[in-house]
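If you want the building blocks of each chain, they are given just below.
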Amino acid sequence: MSLRRFNFLQLDVFTAKPFEGNPLAVFPDATGLNDDQMQAIAREMNLSETTFILPRAQAIEKERGVRVRIFTVQEELPFAGHPTLGTAFALRGKTGANEIRLELNVGTVPVRFEDPSGEPAFGEMTQIEPTFGTIHDRAKIAEVTGIPIDDIAPDVPVQTISTGVPFTVLPLRDLAAARRLRIDQTRSTEYLNASGGKFFFCVTRETVDRSARLHARMLFYNGEDPATGSASGCAAAWMVAHNIAHPDERVIIEQGVEMKRPSRIFVRASRSDDRVVNVRVGGNVVEVLRGELFF
């Protein structure tokens, strides 16, 4: 029996240095794979996410974007940030294209590129417009997460926001609180499911790198994520809404530091009247591996 063979590449996203940032596996041509096979391959790759590109006729791709599906080790996601950015870089290759458009389960997401002289290429995605959800009670959040209430910042809200996936932005008091972070995943998941969130995105305004605006950690069922682009978009909207960043100010979120996978996520958002709009998330990407999967 002949084996089916699928090429893939692995990228480190939100970094310009190999072995930092968030790893991503990309399958450039997933034609013929069904849902169960994509999920099984994502489990085999055992990364935060794996993406599958489904090539279509050029006219369709020009109109709607390149069809891409995103899987964690456990489920398909409608949107995720580092897979979107990394897959766009993989599709761009060495073409020098100014923009790559991806059709994801949330719709079409554009990624625009900059090529600064003497510096690595930079990509920036425009996420769907943010929706602001529940503002949560600090005491309840402490109860369900197991985080001591004194470790939760008292002066800015815990709030659920979505730019494709709903994250509950949970501000911590300082770096010390971030470093000792532990979350009761069972109770947290039950609470988030009932309150409209997917995951907690824990942030503090005290940072390791003085050029960064937020220090972030995202603990979830697969352990810890080194860089969460979808949550960073939510955090960008949260920062502008609560006067932590100015409208259209590009600021850095540092993540993955505790995992020794430091990531630099560049975010900005605009304000139109009393609404936060035009959320953009960007960074660098470096390719580290090419291979072939067969079964």
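Conventions and cut-offs
- Residues numbered from 1 in each chain as written.
- Predicted model: local features only at pLDDT ≥ 70, side-chain atom pairs only at ≥ 80, totals over all residues.
- Heavy atoms only, no water.
- Helix = DSSP H or I, 4+ residues; strand = E, 2+ residues; numbered from the N terminus.
- Rg over C-alpha atoms; globule rule 2.2 N^0.38 Å.
- Buried < 20%, exposed > 50% of the residue type's maximum accessible area, 1.4 Å probe, protein only.
- Areas by Shrake-Rupley, 256 points an atom, 1.4 Å probe, with all protein chains shown as cover.
- Lys, Arg positive; Asp, Glu negative; His and termini not counted.
- Charge placed at Lys NZ, Arg CZ, Asp CG, Glu CD.
- Contact = heavy atoms within 4.5 Å.
- Polar contact = N/O pair within 3.5 Å; in protein donor to acceptor, adjacent residues only side chain to side chain.
- Phe/Tyr/Trp six-rings, centres within 6.5 Å; stacked < 30°, edge-to-face > 60°.
- 1 Å grid on protein atoms, 1.4 Å probe; cavity = no way out; pocket = protein on both sides within 12 Å on 5 of 7 lines; lining within 4 Å.
- Points joined across faces, edges and corners; volume = space filled by probe spheres on them.
- Nonpolar A, V, L, I, M, F, W, Y, C, P; charged D, E, K, R; others polar.

S.K.: Hey, could you run me through the overall build of the protein chain in this one?
M.R.: Scanning the protein chain from N- to C-terminus turns up seven helices and 18 strands. Rg of the C-alpha trace for the protein chain: 19 Å, near the compact-globule value of 19 Å for 295 residues, within the 12% margin. With respect to the principal axes defined by its C-alpha atoms, the protein chain has extents near 60 × 45 × 30 Å. Burial statistics for the protein chain: of 295 residues in total, 55% are counted as buried. Carbon together with sulfur atoms contributes 48% to the accessible area of the protein chain, which is approximately 13,100 Å² in total. Each charge class in the protein chain was averaged separately, 34 positive and 38 negative side chains, and the resulting centres sit 2 Å apart.

S.K.: Sorry if this is basic, but what is going on with helix 4 (residues 138–145) here?
M.R.: Note that an α-helix has 3.6 residues per turn; residues three or four places apart therefore point the same way. The set of residues buried in helix 4 consists of I141, A142, V144 and T145. The inward-facing, buried residues of helix 4 contact strand 9 (131–136), strand 10 (158–162), strand 11 (166–171), helix 6 (185–195) and strand 12 (199–204). The opening residue of helix 4, the one whose side-chain oxygen lies 3.2 Å from the backbone nitrogen of A139, is D137. Two residues or fewer after helix 4 comes G146, characterised by a positive phi angle close to 85 degrees.

S.K.: It is not clear to me how the packing of aromatic side chains should be interpreted in this structure. Could you clarify?
M.R.: The description of two aromatic rings rests on the distance between their centres and on the angle between their planes. Summed over all chains, the structure comprises 11 aromatic pairs. Between F52 and F71, the ring centres sit 5.7 Å apart and the planes meet at 85 degrees, which makes this aromatic pair edge-to-face. Residue F52 is found in strand 3 (residues 49–54), and its partner F71 is found in strand 4 (residues 66–71); the two are separated by 19 residues along the sequence. For the pair formed by F52 and F71, the shared burial category is buried. Taken together, the ring pairs connect F167, F199, F201, F220 and Y221 into an aromatic cluster.

S.K.: How should I be thinking about the layout of surface pockets in this particular structure?
M.R.: Space left empty within the atom packing is revealed by a probe, the size of a water molecule, rolled over the atoms. A volume near 390 Å³ is recorded for the largest pocket. Lining of the largest pocket is provided by 18 residues; of these, F89, A90, G93, K94 and E287 occupy positions nearest its centre. Of all the secondary-structure elements, those providing two or more residues to the lining of the largest pocket are strand 1 (5–13), helix 3 (81–92) and strand 18 (285–294). Here the residues of the lining of the largest pocket sort into 12 nonpolar, two polar and four charged. Lining of the second largest pocket is provided by 16 residues; of these, F14, E20, P262, S263 and R264 occupy positions nearest its centre. Among the elements that make up the lining of the second largest pocket, the one with the highest residue count is strand 16 (residues 263–272) (three residues). Classifying every residue of the lining of the second largest pocket by side-chain character gives eight nonpolar, three polar and five charged.

Honestly, that's just the spatial picture; any functional story needs more than this.
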